[in-house]
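Chain residues, written in single-letter form:
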Amino acid sequence: MIIPKSSLIVSCQAPVDSPLFEPKIIAAIAKASINQGAKGIRINTPHHVKQVRKELPNIPIIGLWKQDYSGYDIYITPCYQEAEAIAEAGADIIAIDGTLRKRPQGEKLADLINNIHQKSGKLVMADVDTIESAIASANAGADFVGTTLYGYTRETEKFNPPGFSLLEEMRQRLNVPIIAEGGISTPEEAKKALDYGAYSVVVGTAITGIDLKVKAFQTMFK
């Protein structure tokens, strides 16, 4: 299954210490999103992907597995072992870190993408932060490139998402579909991303981030 063009993808995730971090709850959030017109879902961890696939057998899933490796900043599906687990859980597209940062186990970006293609038979979405990493990911064979990490790496920490400037440059220089993700908080911003040339748009916290949104509001009551 493939993500339809010009569609909304909802990232259904929760912090690990949240009561929402339960496969059935994540699946319920995903179903509610699909019921209201979303065309795809982005899901973290094999258990969550497996549950969402069980309850939404015909919906495209972008899967990832956030893992911390000591001494490395990369955490979105860092190595093939995580990608393989996500693929086996039922994801259609595997999201990986596509930045130029040092990778665990000495794995190269092109090797990771090739292994996902050849061994798992899945498409790859590379989450990037700069135009350089976007070009490198596209050249390495990524099927989609996302603006996901703009503003979240040392190279881009001075910038605030959404990364519309990055999106525009990617549209001009890449020949692969671009997915706008990161910091998109209103329908108007989602429309703007499509106008800038995004293939589709991922929205997370603005729709499903209950923990983060309540925490943000709570700062006004201190």
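Summarised in this report is the structure supplied together with it.

Thresholds, definitions, all that
- Residues numbered from 1 in each chain as written.
- Predicted model: local features only at pLDDT ≥ 70, side-chain atom pairs only at ≥ 80, totals over all residues.
- Heavy atoms only, no water.
- Axes fitted to C-alpha atoms, helices over the stretch in contact; angles between N-to-C directions.
- Helix = DSSP H or I, 4+ residues; strand = E, 2+ residues; numbered from the N terminus.
- Parallel < 35°, antiparallel > 145°, perpendicular 65-115°, else oblique.
- Left-handed = near helix turned anticlockwise from the far one by under 90°.
- Contact = heavy atoms within 4.5 Å.
- Nonpolar A, V, L, I, M, F, W, Y, C, P; charged D, E, K, R; others polar.
- Pairing = 2+ DSSP bridges.
- Salt bridge = Lys/Arg side-chain N within 4 Å of Asp/Glu carboxyl O.
- Buried < 20%, exposed > 50% of the residue type's maximum accessible area, 1.4 Å probe, protein only.
- Right-handed = clockwise from strand over helix to strand, strands pointing away.

1. Here's the deal with the packing of helix H1 (residues 23–35) against helix H2 (residues 46–55)
In contact at an axis separation of 8 Å, H1 and H2 are set at 50° when each is read in the N-to-C sense. With respect to each other, H1 and H2 are oriented oblique. In this structure, H1 crosses over H2, and the sense of that crossing is right-handed. Residue-level contacts link Pro23, Lys24, Ile26, Ala27, Ala30 and Lys31 of H1 to His47, His48, Gln51, Val52 and Glu55 of H2. Residue composition of the contact of H1 with H2, by class: 5 nonpolar, 3 polar and 3 charged.

2. Things to note about the sheet that holds strand E7 (residues 178–181)
In space, the 8 strands of this closed barrel follow the order E1-E2-E3-E4-E5-E6-E7-E8, with parallel pairing throughout. This sheet shows a mean twist of 25° between the axes of neighbouring strands, independent of strand direction. Sheet topology note: the strand E6 (residues 144–146)/E7 ladder contains 2 bridges and is parallel. Paired with Gly146 across the two strands is Ile179, which belongs to E7.

3. Re unusual backbone geometry
Trans peptide bonds make up the majority, and among non-glycine residues the majority have a negative phi. Each neighbour pair has its own omega, and for Pro161 with Pro162 the value is 5°, a cis peptide bond. Looking at the secondary structure, you find Pro162 in the loop between E6 and helix H6 (164–173). With a phi angle near 40°, Thr77 is a residue other than glycine that sits in the positive phi range. Counting through the fold element by element, Thr77 comes out in the loop between strand E3 (61–64) and helix H3 (80–89).

4. Focus on the pattern of salt bridges
Within the structure shown, the criterion is met by 8 salt bridges. Residue Glu169 pairs with Arg173 through a salt bridge whose shortest N-O separation is 3.4 Å. Placement of the pair is Glu169 and Arg173 together in helix H6, with a separation of 4 residues, close to one helical turn. Connected through salt bridges with shared partners, the residues Arg42, Asp127 and Glu181 form a single ionic network.

5. Looking at the pairing of strand E4 (residues 93–97)
Burial of E4 is extensive: 5 of the 5 residues sit out of reach of the surface. Because side chains alternate across E4, one face comprises the buried residues Ile93, Ala95 and Asp97, and the other comprises Ile94 and Ile96, equally buried. The pairing of E3 with E4 spans 2 bridges and is classified as parallel. Considered in E4, the bridge of Gly63 is made with Ile94. In this fold, E3 hands off to H3, which returns the chain to E4; that crossover is right-handed. Direction of pairing for E4 relative to strand E5 (residues 123–127): parallel, over a ladder of 5 bridges.

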